[in-house]
Amino acid sequence: MTNDHYPQTATPQPPPPGGGPRPERGAATGFGPAVAHHAWRLSGRVVAGVGQLLLWILTGIGHLLAPLGRRIGARLYGRGVSRPLGPGSDGHTRMATGGATAPLPRWIHAWNEFTESWYFTPLTGLALTVAALAELAPQLESPVSVPAGFALAATLPLAWRKEYLRPVAAIVLGAVAASLLTGQMVLVSTAFAALYTLYALAQQLPRQSTGVLAVGSVVVVAVVYLSTGTLDDVPWPATVIAVLAAIGLGDARRTVETAGRTQAEAHERTSETLTRLNTVQREQAVMRERARIARELHDVVAHSVSMIAVQAETAPYTMQNLSPEARDGYNEIAKTAREALVEMRRLLSVLRADAKAEPESAPQPRLDRLPELVQQHRGAGGHVDLDVRGEPRVLSATVELSAYRIVQEALTNARRHAPGAGVRVELTYLPDRLAVRVRDDGASAPTMVLPAGDPAGRTRVETPAPGEQGGGHGLVGMRERATMLGGRFSAGPAAEGGFVVEAELPLTREENPTRDPGSPAPPGRP
């Protein structure tokens, strides 16, 4: 059995002499590799600096020539040539200026389409090859020769530069270097092909690889000058500057394009974030509106419909000598009102789904209207006693509105689940809070309903389903109103029987403990 099945452990290296720290893995430990590493980085920075310098120079020249360029462009594009467009709304003839009829914009548009097409690259490569052969033709007696072969190898592969840039660059640069080292004639087309290949390659390579390319190109130029006389007519500084300029411009172009893509991606991410934020805000606004509508419907409509149902159900017991038709009518009214309450509960469950309640801002009733609410309950056949304890005083609108709505909802639940039961409403003014307690003595009392169409007039008993008291949106709304003020709320069966609702609403320090002489008196206070 070999040791391949067991994990290999690294042999611990002895500490370096002198007790210094061990060198990191992957770092250059020798003098030669370290020098080469720093040389490549320095060459990349030099190339980047040359490219940025040339880019700044070209940008400055462009700014200086901008006024002249605008004038030439205005003439070429036809700007300043006015043509009538017809009478305007004010009766005057409207004139339009621009280059819609100038031929140059159409040519430029066609050129842009040509440069973006798929056949631009092969056509330009073939054109450069034809130019090289045409430049070489007067110097050759036969088309089949070594210079022609070098010219084809230096230009024809550029027809595939878009798909295979690096192999094409290797062939083109190798052919140009071989032609120079063998003493072949220097052609303008092949020199342009070499410089363009360096530019395109530097545009695709990373910064450190671009530095390696620049160093290698300068070394090849130095070897050509030292070993042959092919470039004796061209000063060597001009050749070096041309090579570095081509590579530097390619690196600068890559930097600008990378920065542009980064900025575009950042702008797109910002736009997506703003879009999502706007969507969330709209959804929250819809949920708040749903909660407001559900609360208003429950507070206003459900209260009124419940009173209609209770009055219709108790009418056959409180009114004498009713005809069978009248009894059927009252029963139908009660049945329709109950069905309307069920449908409204379903509607409210949809409106309040995933919605959070918010404080109301419209004018709402206060505690001075609590006696009217008690009279409404008594008018519907209910029995209610109002007991106000402590020293009544004017409180904030939010506290009084919440207390009023809690009492209103508790009375509505008493009529709905225990019609005819006695209800006691206690309102206690404490120094730091307002206590509200509503208790009925028959929350579990059966409901007497006269069925429609029963000729004997018999009644049937309906008992509220277990847990029905805690269902619906009434208790939820009361809890929301209490917790919104930082108070306490509880609802459930009372120990002595019935159902009890209790809430404590804290008061703010700024509320005046004394009543304003001009304000209406709260209930229980003359």
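Residues numbered from 1 in each chain as written. Predicted model: local features only at pLDDT ≥ 70, side-chain atom pairs only at ≥ 80, totals over all residues. Heavy atoms only, no water.

**Student:** Would you explain the packing of helix α6 (residues 165–181) against helix α8 (residues 207–227) in this entry?
**Tutor:** Relative placement of two packed helices is described by the angle separating their axes and the distance separating the axes. Where α6 meets α8, the closest approach of the two axes is 9 Å, and the angle between their N-to-C directions is 15 degrees. Taken as axis vectors, α6 and α8 run roughly parallel relative to one another. Crossing hand, α6 versus α8: left-handed. Across from Ala 177, Leu 180 and Leu 181 in α6, the residues of α8 making contact are Val 220, Val 223, Val 224 and Ser 227. Across the contact of α6 with α8, the residue classes tally to six nonpolar, one polar and no charged. (Axes fitted to C-alpha atoms, helices over the stretch in contact; angles between N-to-C directions. Helix = DSSP H or I, 4+ residues; strand = E, 2+ residues; numbered from the N terminus. Parallel < 35°, antiparallel > 145°, perpendicular 65-115°, else oblique. Left-handed = near helix turned anticlockwise from the far one by under 90°. Contact = heavy atoms within 4.5 Å. Nonpolar A, V, L, I, M, F, W, Y, C, P; charged D, E, K, R; others polar.)

**Student:** Just to check I follow, could you spell out the sheet that holds strand β8 (residues 488–493) for this structure?
**Tutor:** Each strand in a sheet pairs with another by means of backbone hydrogen bonds, the pair being arranged parallel or else antiparallel. The strand order across the open sheet formed by five strands is β3-β4-β5-β9-β8, and the pairing between neighbours is mixed. Every other strand in the sheet has two partners, leaving β3 (383–389) and β8 as the edge strands with one partner each. In this sheet, adjacent strand axes meet at a mean angle of 10 degrees when their direction is disregarded. Across seven bridges, the pairing between strand β4 (residues 422–429) and strand β5 (residues 433–440) is antiparallel. In the strand pairing of β5, Leu 427 is matched with Val 436. This element, helix α11 (residues 370–379), spans β3 and β4 of the sheet and lies at about 160 degrees to β3. Sitting on the sheet, helix α12 (residues 397–417) is in contact with β3, β4, β5 and β9 (499–506), with an inclination near 5 degrees to β5. (Pairing = 2+ DSSP bridges.)

**Student:** Just checking my understanding: could you explain α12 for this structure?
**Tutor:** Along an α-helix, a turn takes 3.6 residues, which lines up residues three or four apart on a common side. If you check α12, its first and last C-alpha atoms are 30 Å apart, about what 21 residues at 1.5 Å a residue would give, namely 30 Å. Burial runs high along α12: 19 of the 21 residues are buried. (Expected span 1.5 Å × (residues − 1). Buried < 20%, exposed > 50% of the residue type's maximum accessible area, 1.4 Å probe, protein only.)

**Student:** What should I look at first to understand the environment of Ser 189 in this one?
**Tutor:** Along the chain, Ser 189 turns up in helix α7 (residues 188–204). It is 9.8 Å that separates the C-alpha atoms of Ser 189 and Ala 134, two residues lying 55 residues apart in sequence. If near-sequence neighbours (up to four positions away) are discounted, Ser 189 is found in contact with Leu 128, Ala 131, Ala 132, Glu 135 and Thr 155. Among the polar contacts listed, one links the side chain of Ser 189 to the side chain of Glu 135, at a separation of 3.2 Å. (Polar contact = N/O pair within 3.5 Å; in protein donor to acceptor, adjacent residues only side chain to side chain.)

**Student:** It is not clear to me how the side chain of Ser 217 should be interpreted in this structure. Could you clarify?
**Tutor:** Note on placement: Ser 217 falls in helix α8. By relative accessible area, Ser 217 is classed as buried at 13%. Non-local contacts of Ser 217, meaning those with residues more than four positions away in its chain, are made with Leu 198, Val 243 and Ile 247.

**Student:** What is the right way to read the pairing of β4 from this model?
**Tutor:** The side chains of a regular strand alternate between the sheet's two faces. Within β4, six of the eight residues are buried, which leaves the element mostly enclosed by the surrounding structure. Where β3 lies against β4, seven bridges are found, and the strand directions are parallel. Its bridge partner being in β4, Asp 387 is matched across the sheet by Glu 426. Handedness of the crossover joining β3 and β4 through α12: left-handed. (Right-handed = clockwise from strand over helix to strand, strands pointing away.)

**Student:** So what exactly am I meant to see when it comes to the packing of aromatic side chains here?
**Tutor:** How two aromatic rings sit relative to each other is given by the distance of their centres and the angle of their planes. Inspection of every chain in the model, using the stated rule, returns five aromatic pairs. On the basis of an interplanar angle of 85 degrees and a centroid distance of 5.5 Å, the ring pair of Trp 118 and Tyr 119 is categorised as edge-to-face. According to the relative accessible area criterion, Tyr 119 is partly exposed, its value standing at 34%. Residues Tyr 196 and Tyr 199 carry aromatic rings whose centres are separated by 6.3 Å and whose planes lie at 40 degrees to one another, so their mutual orientation is tilted. Here Tyr 199 and Tyr 196 lie together in helix α7, a separation of three residues that amounts to about one turn. (Phe/Tyr/Trp six-rings, centres within 6.5 Å; stacked < 30°, edge-to-face > 60°.)

**Student:** I would appreciate a short explanation of a nonpolar patch on the surface in the present structure.
**Tutor:** A grouping of Leu 53, Trp 56, Ile 57, Ile 61, Leu 64, Leu 65, Leu 68 and Ile 72 is seen on the molecular surface, where their side chains present a nonpolar patch of about 850 Å² in accessible area. Elements represented by at least two residues in the nonpolar patch include exactly α1 (31–64) and α2 (66–77). (Patch = residues over 30% accessible without salt bridge, like charges linked within 9 Å, V, L, I, M, F, W, Y side chains within 5 Å. Areas by Shrake-Rupley, 256 points an atom, 1.4 Å probe, with all protein chains shown as cover. Salt bridge = Lys/Arg side-chain N within 4 Å of Asp/Glu carboxyl O.)

**Student:** I keep staring at the environment of Thr 398 and nothing clicks. Help me out?
**Tutor:** Take Thr 398: it is sitting in helix α12. Classification of Thr 398 by relative accessible area gives partly exposed; the value is 37%. Along the backbone, Thr 398 and Met 484 are 86 residues apart, and their C-alpha atoms lie at a distance of 9.7 Å. Here Thr 398 is in contact with Met 484 and Leu 485, once residues within four sequence places are set aside.

**Student:** Would you mind going over the packing of α11 against α12 with me for this structure?
**Tutor:** Where α11 contacts α12, the two axes come as close as 11 Å, and the packing angle between them is 5 degrees. Classified by the angle their axes make, α11 and α12 are roughly parallel. On α12, the residues that touch Leu 370, Leu 373 and His 377 of α11 are Tyr 404, Val 407, Gln 408, Leu 411 and Arg 415. Its residues assigned to classes, the contact of α11 with α12 comprises five nonpolar, two polar and one charged.

**Student:** Sorry if this is basic, but what is going on with the nonpolar core here?
**Tutor:** A general feature of soluble globular proteins is that nonpolar side chains tend to end up buried together. The biggest cluster of nonpolar side chains holds 30 residues, and the ones touching the most others in it are Val 407, Leu 434 and Val 436. Sorting the residues of this core by element identifies α11, α12, β4, β5, α13 (474–484) and β9 as the ones contributing at least two each. When residues in this core are grouped by element, the largest group, eight residues, is from α12. Apart from the residues lying within four places of it in its own chain, the contact partners of Val 436 are Ala 403, Ile 406, Val 407, Glu 426, Leu 427, Val 501, Glu 502 and Ala 503. Ranked by size, the runner-up nonpolar core spans 23 residues in total, among them Leu 165, Ala 169, Ala 202 and Ala 214. (Core = buried A, V, L, I, M, F, W, Y, C linked by side-chain atoms within 4.5 Å.)

Honestly, that's just the spatial picture; any functional story needs more than this.
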